[in-house]
Amino acid sequence: MPEGHTLHRLAKLHQQRFAGGVVRVSSPQGRFADGAALVDGATLTKAEAWGKHLLHHYDSGLTVHVHLGLYGTFTESPAPLSDPVGQVRMRMIGAGKSAATLYGTDLRGPTACEVLHAPEVDALTARLGPDPLRRDADPERASQRIRRSNRSIAALLMDQSVVAGVGNVYRAEVLFRHGISPQRPGRAVTAAEWDALWADLVALMKVGVRKGAIVVVRPEHDRGAPSYAVGKPRTYVYRRAGEPCRICGTTVAHAVLEGRNLFWCPTCQPA
């Protein structure tokens, strides 16, 4: 599933290409036909992301909400677009404020693609925790929930109502970078440790937005051949179960926590 930096990167791109201009919206697949008709021909005023949710705000007061889930993807290209290929849930075509270049984007396979009214948008964002990539994020909200909880810090970081946008890669890697066991209860994470975790998430996810890739391994630790398939992020522990830790050589451990794979180094992240 795409992590938060991917949605923020998409929001930034859609803001640049479509905001301030009239957008033609359709649903070649048909499953979003009613929703597309509500916003077709309206002006996109703002594209933004909150965690793993993409929001397209229109001057009509309506918002298109997209959650990519496991299989959702946007395909971007200059217009005119060719005939739709595959199950295109939503197609957008517009030129934005500049009207210099016409762009299009096709959305396939999302978990959610729906039109929301303002109160529904408010309800959605109210359910989400602070997003490290948003300027209005309040990390203290997350801190209070974490320090009151007996759940593991690994589970809390993946809970979108606690912190929005963090996925399995950032979860595993930021805990390794700070030497914190993923099994440690939230209440045992100090305020100073949380402040350091949050600051690192902000920095790492900003790099993800800028580069379009997850970069978590410090240059001095990035030695040797890639540990798994080309195109996957270089990591300290994520998807490196059974391999030696880049720092101490201990075998990277693996477990399943709340249905998600968990990776850590038992030496660098002692219980």
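Worth saying up front: this structure is predicted, and the values here are computed from it rather than measured.

Criteria and thresholds
- Residues numbered from 1 in each chain as written.
- Predicted model: local features only at pLDDT ≥ 70, side-chain atom pairs only at ≥ 80, totals over all residues.
- Heavy atoms only, no water.
- Pairing = 2+ DSSP bridges.
- Helix = DSSP H or I, 4+ residues; strand = E, 2+ residues; numbered from the N terminus.
- Axes fitted to C-alpha atoms, helices over the stretch in contact; angles between N-to-C directions.
- Contact = heavy atoms within 4.5 Å.
- Expected span 1.5 Å × (residues − 1).
- Buried < 20%, exposed > 50% of the residue type's maximum accessible area, 1.4 Å probe, protein only.
- Core = buried A, V, L, I, M, F, W, Y, C linked by side-chain atoms within 4.5 Å.
- UniProt positions renumbered as here; feature names shortened; annotations may be inferred.
- Parallel < 35°, antiparallel > 145°, perpendicular 65-115°, else oblique.
- Left-handed = near helix turned anticlockwise from the far one by under 90°.
- Domains from an automatic or database assignment.
- Salt bridge = Lys/Arg side-chain N within 4 Å of Asp/Glu carboxyl O.
- pLDDT = per-residue confidence, 0-100.

Attention now goes to the sheet that holds strand E3 (residues 53–58). The sheet built from 4 strands is open, its strands ordered E2-E3-E4-E8 with antiparallel pairing. Taken across any chain shown, the strands that pair with only one partner, and hence form the sheet edges, are strand E2 (44–50) and strand E8 (112–116). Here the strands of the sheet are splayed against their neighbours by 15 degrees on average, with no regard to which way each runs. As judged from the 5 bridges shared by E3 and strand E4 (residues 63–67), these two strands associate in the antiparallel manner. Across the sheet, His56 pairs through a bridge with Val64, a residue of E4. Set on the sheet, helix H1 (residues 4–18) makes contact with E2 and E3; between it and E2 the angle comes to about 170 degrees.

Turning to helix H7 (residues 191–211), a few remarks are in order. With 21 residues, H7 should cover 30 Å at 1.5 Å per step; its first-to-last C-alpha distance of 30 Å lies within 8% of that length. For H7, the complete set of buried residues consists of Trp194, Leu197, Trp198, Asp200, Leu201, Val202, Leu204, Met205, Val207, Gly208 and Val209. In this structure, the buried residues of H7 make contact with H1, helix H4 (139–147), helix H5 (153–158) and helix H6 (168–177). Remark: Gly212 follows H7 within two positions and exhibits a positive phi of approximately 70 degrees.

The next point concerns the nonpolar core. For soluble globular proteins, nonpolar side chains are generally found buried alongside one another. In terms of nonpolar packing, the biggest core is built from 39 residues, with Ile146, Leu157, Val163, Tyr170, Leu175, Trp194 and Val237 touching the most fellow members. Within the residue set of this core, elements represented by two or more residues are H4, H5, H6, H7 and strand E10 (260–264). Broken down by element, the residue count for this core peaks at 8 residues, all from H7. If we ignore the near neighbours within four places in the chain, the residues touching Val163 are Gly129, Pro130, Pro132, Ala142, Leu157, Trp194 and Trp198.

With that settled, the discussion passes to the UniProt feature "domain: Formamidopyrimidine-DNA glycosylase catalytic" (unreviewed entry) in the protein. Per the UniProt record, the feature "domain: Formamidopyrimidine-DNA glycosylase catalytic" (unreviewed entry) sits at residues 2–94. End-to-end, the C-alpha atoms of residues 2–94 are 25 Å apart, and along that stretch the chain is 24% helix and 38% strand.

In this section: the packing of H1 against H7. Axis separation between H1 and H7 bottoms out at 8 Å; the angle between their running directions is 45 degrees. Taken together, the axes of H1 and H7 are oblique relative to one another. Read as a crossing pair, H1 and H7 show a hand that is right-handed. On H7, the residues that touch Gly4, His5, His8 and Arg9 of H1 are Met205, Gly208, Val209, Arg210 and Lys211.

Domain boundaries assigned for the protein yield domain 1 (4–127) and domain 2 (139–264). Each of domain 1 and domain 2 has a C-alpha centre, and the two are 30 Å apart. Between domain 1 and domain 2, the residue contacts involve 8 residues of the former and 15 residues of the latter. If you look at where domain 1 meets domain 2, you find 0 salt bridges.

For the protein, the average pLDDT comes to 94, and 96% of its residues sit at 70 or higher. Contacts of residues 225–231 to residues separated by more than four positions or lying in other chains number 10 contacts, the stretch itself having pLDDT below 50.

Take unusual backbone geometry next. Glycine aside, residues mostly have negative phi, and peptide bonds are mostly found in the trans state. Residue Pro80 is bonded to the preceding Ala79 through a cis peptide linkage, with omega at 5 degrees. Mapping Pro80 onto the fold places it in the loop between strand E5 (73–78) and strand E6 (88–94). The backbone phi angle of Arg239 is positive, close to 55 degrees, even though this residue is not glycine. Locating Arg239 in the fold gives a position in the loop between H7 and strand E9 (253–257). According to the relative accessible area criterion, Arg239 is partly exposed, its value standing at 39%.

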